[in-house]
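What follows is the residue order along each chain.
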Amino acid sequence: YVLESNLKPSKVLGCWVINHLMKPLLKDGLVYVEGEYEVHIWYAYDDDRNTELHKEKITYSEEIPFKMKKNEELNNKQELKAYCTNYPTCVELKIQDEKLFLKIKKDFVVDAIGEAVIKVQLSDLVEEPLDLDEEIENNVNPDYLNKDNS
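Calculation notes
- Residues numbered from 1 in each chain as written.
- Predicted model: local features only at pLDDT ≥ 70, side-chain atom pairs only at ≥ 80, totals over all residues.
- Heavy atoms only, no water.
- Phe/Tyr/Trp six-rings, centres within 6.5 Å; stacked < 30°, edge-to-face > 60°.
- Helix = DSSP H or I, 4+ residues; strand = E, 2+ residues; numbered from the N terminus.
- Buried < 20%, exposed > 50% of the residue type's maximum accessible area, 1.4 Å probe, protein only.
- Lys NZ or Arg CZ within 6 Å of the ring centre and 35° of its normal.
- Patch = residues over 30% accessible without salt bridge, like charges linked within 9 Å, V, L, I, M, F, W, Y side chains within 5 Å.
- Areas by Shrake-Rupley, 256 points an atom, 1.4 Å probe, with all protein chains shown as cover.
- Salt bridge = Lys/Arg side-chain N within 4 Å of Asp/Glu carboxyl O.
- Lys, Arg positive; Asp, Glu negative; His and termini not counted.
- Charge placed at Lys NZ, Arg CZ, Asp CG, Glu CD.
- Polar contact = N/O pair within 3.5 Å; in protein donor to acceptor, adjacent residues only side chain to side chain.
- Contact = heavy atoms within 4.5 Å.
- Pairing = 2+ DSSP bridges.

Participant: Got a minute to help me understand the packing of aromatic side chains in this structure?
Facilitator: Both the distance between ring centres and the angle between the ring planes are used here to describe each pair of aromatic rings. According to the stated counting rule, one finds three aromatic pairs in the structure shown. On the numbers, 5.9 Å between centres and 25° between planes, the contact of Y60 with F108 is stacked. In this pair, Y60 sits in strand β4 (residues 50-64) while F108 sits in strand β6 (residues 99-113), placing the two residues 48 residues apart along the sequence. We note that Y60, like F108, is buried. Linked through ring pairs, Y37, Y60 and F108 together constitute an aromatic cluster. The residue whose ring lies beneath K27 is Y32, and the NZ or CZ to ring-centre distance is 5.4 Å. Sitting over the ring of Y60, K106 keeps its end group 4.7 Å from the ring centre.

This is the structure in structure tokens:
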């Protein structure tokens, strides 16, 4: 991104990316994440004698590579959920020709949630549960404490 200020920046003192909002969208069979965030850049000007805070809202729309299993296609029946794995962060900021050049890094994951078909095999065999006395008789060794541990 290239940001311009009314003042002539001489040194960058800090950068914050805040208030990130995003949502996934399905457009023409492709998955996009659209969002926005605010960039706050603190910089010096007037030969480093004064400072200023530049605030700007940046919007974005990015296509997300998305593949379904078994040749299925996305449609409006599926719900898309987007998760930010790396929140927007300034990774590079420089001053060139009195403009601020900004590089922001962010990462997303998008899930498609829809109906699933499950095959369940039923059996006619039903075992009666054991009562407590039968459970103890079948599973407790009465000679446990009498064993030789050598």
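Participant: Is there a simple way to explain a negative patch on the surface in this structure?
Facilitator: The grouping of D131, D133, E134 and E137 at the surface amounts to a negative patch. Following the sequence through the fold, D131 ends up in the loop between β6 and α1 (132-139). A relative accessible area of 42% means that D131 is categorised as partly exposed.

Participant: What am I meant to see in the side chain of H54 here?
Facilitator: Along the chain, H54 turns up in strand β4. Residue H54 is classed as buried on the basis of its relative accessible area, which comes to 12%. Side-chain polar atoms of H54 contact the side chain of E56, separated by 2.9 Å. When residues no more than four places from it in sequence are discounted, the contact partners of H54 are L3, E4, S5, V39, H40, I41 and Y43.

Participant: When you look at the sheet that holds strand β5 (residues 79-96) in this model, what are you seeing that I'm missing?
Facilitator: Strand pairing in a sheet relies on backbone hydrogen bonds, with the paired strands running either antiparallel or parallel. Ordered in space as β1-β6-β5, the three strands form an open sheet in which the pairing is antiparallel. The open sheet has two edge strands with one neighbour each: β1 (2-3) and β5. As defined by bridge partners, β5 adjoins β6 across 14 bridges and the pair is classed as antiparallel. Paired with I95 across the strands is L100, a residue of β6.

Participant: Help me understand the pairing of β6, please; the structure alone is not making it clear to me.
Facilitator: A regular strand carries its side chains on alternate faces of the sheet. Bridging between β1 and β6 involves two bridges; their strand directions are antiparallel. Pairing of V2 across the sheet is with F101, part of β6.

Participant: Just checking my understanding: could you explain the pattern of salt bridges for this structure?
Facilitator: Side chains that differ in charge, positive against negative, can pair when their charged atoms come close. Tallied over the entire structure, the rule returns ten salt bridges. With a shortest N-O distance of 3.9 Å, K99 and E4 are connected by a salt bridge. With K99 in strand β6 and E4 in the loop between β1 and β2 (9-27), this pair connects stretches of sequence that are 95 residues apart. Residue classification places K99 among the partly exposed residues on the basis of a relative accessible area of 30%.

Participant: Help me understand unusual backbone geometry in this model?
Facilitator: A negative phi angle is the norm for most residues apart from glycine, just as the trans form is the norm for most peptide bonds. Of note, D28 is a non-glycine position whose phi angle comes to about 50°, a positive value. Considering the arrangement of structural elements, one finds D28 in the loop between β2 and β3 (30-45). For D28, a relative accessible area of 81% gives the class exposed. Its identity is not glycine, yet D47 carries a phi of approximately 55°, on the positive side. Take D47: it is sitting in the loop between β3 and β4. What makes D47 exposed here is its relative accessible area of 63%.

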